[in-house]
Amino acid sequence: MAHRKLEPHEIEQALSQLNAETSQDWVVENEKLSKTFKFKDFQHAFGFMTMCAIYAEKQDHHPEWFNVYNKVSIQLTSHDVSGISQKDFDLAKKMTAFALSV
């Protein structure tokens, strides 16, 4: 299947599946897949960001994110299709796994 913007019902279904699989609370805000992760301290937050950055670079799919001390706020969207795509859900799932490993 070609890389494309997901339809609203596809986003709703994928979001429900993502949250069920990961036991997390990803949401859609401002047409972006969003979540704020909270870690023990800055070192753990930065470790998480490092793992995500290496993976994202290999996938050529980069998050919009913001870090303050132990919190990392993430927004995912696929700029090349002007919306949320399956690539965003795949990255969200991987980021959740990274967060649980630090």
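See above for the structure.
Treat the numbers as computed from the prediction; the structure is a model and nothing was measured.

Trainee: Explain a nonpolar patch on the surface here, please?
Mentor: Judged by side-chain polarity, Phe42, Phe46, Phe66, Val68 and Tyr69 come together as a nonpolar surface patch covering roughly 550 Å² of accessible area. Every element with two or more residues in the nonpolar patch is listed here: α2 (42-59) and β3 (64-68). If you trace the backbone, Phe42 turns up in helix α2.

Trainee: What is the right way to look at unusual backbone geometry in this model?
Mentor: What you tend to see is this: most non-glycine residues have negative phi, and most peptide bonds are trans. In this structure, Asn30 takes a positive phi of about 50 degrees despite not being glycine. In this structure, Asn30 sits in the loop between β1 (27-29) and β2 (32-38). Of note, Ser82 is a non-glycine position whose phi angle comes to about 55 degrees, a positive value. Assessed through its relative accessible area of 55%, Ser82 is described here as exposed.

Trainee: Help me understand the pattern of salt bridges, please; the structure alone is not making it clear to me.
Mentor: Side-chain pairing between opposite charges can occur once the charged atoms of the two side chains come close. Applying the stated criterion across every chain yields a total of 4 salt bridges. In this structure, the salt-bridge partner of Glu21 is Lys93, at a minimum N-O distance of 2.8 Å. Of this pair, Glu21 sits in helix α1 (residues 8-22) while Lys93 sits in helix α3 (residues 86-101); the two residues are 72 residues apart in sequence, bridging distant segments of the chain. Of the charged contacts in the structure, one is a salt bridge between Lys35 and Asp25, with a shortest N-O distance of 2.6 Å. Here Lys35, found in strand β2, pairs with Asp25, found in the loop between α1 and β1; they are 10 residues apart in sequence, far enough to count as distant.

Thresholds, definitions, all that
- Residues numbered from 1 in each chain as written.
- Predicted model: local features only at pLDDT ≥ 70, side-chain atom pairs only at ≥ 80, totals over all residues.
- Heavy atoms only, no water.
- Patch = residues over 30% accessible without salt bridge, like charges linked within 9 Å, V, L, I, M, F, W, Y side chains within 5 Å.
- Areas by Shrake-Rupley, 256 points an atom, 1.4 Å probe, with all protein chains shown as cover.
- Salt bridge = Lys/Arg side-chain N within 4 Å of Asp/Glu carboxyl O.
- Helix = DSSP H or I, 4+ residues; strand = E, 2+ residues; numbered from the N terminus.
- Buried < 20%, exposed > 50% of the residue type's maximum accessible area, 1.4 Å probe, protein only.

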